[in-house]
Amino acid sequence: MAGLRKKLQDRRRWASARTLPEMAQLMALWLEGELSMWPGYDDGAAEETAALIPTLAAANQAGFLTDQSQPGYDGRGFDGLRWQQRAAVTGLVADEQLLTRIRRAGEAAGVTVFIAHPRLLPQGQGDTGTIRGGRPYTRFGQYMPPSVLRQIWRGISKPAMAEVLDAWQVCLIDPDYGRNDRLWPALDRLFATQTTR
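So, here's what we can say about the structure. (Residues numbered from 1 in each chain as written. Predicted model: local features only at pLDDT ≥ 70, side-chain atom pairs only at ≥ 80, totals over all residues. Heavy atoms only, no water.)

## Thoughts on the sheet that holds strand β6 (residues 125-132)
In spatial order, the strands read β2-β3-β6-β7; together these 4 strands make up an open sheet with antiparallel pairing. Where the open sheet ends on each side, the last strands, each with one partner, are β2 (73-76) and β7 (135-142). Within the sheet, the average angular offset between the axes of one strand and its neighbour, ignoring direction, is 25°. Pairing between β2 and strand β3 (residues 82-85): 4 bridges, direction antiparallel. Bridge pairing links Asp 74 to Gln 84 in β3. (Pairing = 2+ DSSP bridges. Helix = DSSP H or I, 4+ residues; strand = E, 2+ residues; numbered from the N terminus. Axes fitted to C-alpha atoms, helices over the stretch in contact; angles between N-to-C directions.)

## Brief notes about the sheet that holds strand β4 (residues 88-93)
Ordered in space as β1-β4-β8-β5, the 4 strands form an open sheet in which the pairing is antiparallel. Strands at the two margins of the open sheet, each flanked by one partner only, are β1 (65-70) and β5 (112-116). If you compare each strand with its neighbour and ignore which way they point, the axes differ by 15° on average. Sheet topology places β5 next to strand β8 (residues 168-173); 5 bridges connect them, and they run antiparallel. Within β8, the position partnered with Ile 115 by the bridge is Val 170. Across the face of the sheet, helix α2 (residues 20-31) comes into contact with β1 and β4 while running at roughly 40° to β1. Each of β1, β4 and β8 is contacted by helix α7 (residues 183-190), which is oriented at about 40° to β4, the strand it contacts most. (Contact = heavy atoms within 4.5 Å.)

## Details of the nonpolar core
Residues Trp 14, Met 23, Phe 64, Ile 102, Trp 153, Val 164 and Leu 172 are the most contacted members of the largest nonpolar core, which totals 47 residues. Of all the secondary-structure elements, those providing two or more residues to this core are α2, α3 (53-61), β4, α4 (96-109), α6 (158-165), β8 and α7. Here the element with the most residues in this core is α2; it accounts for 8 residues. Trp 153 has contacts with Trp 14, Met 23, Met 27, Trp 38, Pro 39, Leu 65, Asp 67, Leu 92, Met 161 and Val 164, leaving out every residue within four places of it along the chain. (Core = buried A, V, L, I, M, F, W, Y, C linked by side-chain atoms within 4.5 Å. Buried < 20%, exposed > 50% of the residue type's maximum accessible area, 1.4 Å probe, protein only.)

Set out below in structure tokens:
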């Protein structure tokens, strides 16, 4: 019962946010375990995200509303198959100056930067983020149309949804599988995060 009450309280907090930066602050709280959910995800952060939380929380506190991330990895997965992951993060940015800072930090670190916007054509297809058992398994950086964004962010206020739909969609992804020494240090420097991985 307490868990259900907490989820309802947290849903109300998300519904009360009016801007994308306010939502990013709530995402930082979710990453740090203070909120039980966010509109597109009804649980806590995945175990593989634990080492990334300080970096992701700092990015959100700066206004980069992250919605998907993974560390680089190359090894046996839970299913016994070889999993190859590129370090990657995606999210939404409303502030063009922040967008420029993120893009420059990614490019300086040698990671691929995808930027999409509803009025920016052509829309990007992204790139493979994970290979499982020798086959592409996930993609990062593809353009998300309004119908997908409305589904992911269901339950937020109309003003917040308007900002989500008009935000820059940003993805930073390491071109190489299995490493974590480019993307995450670049974001740590950008957002002045002190982490040890």
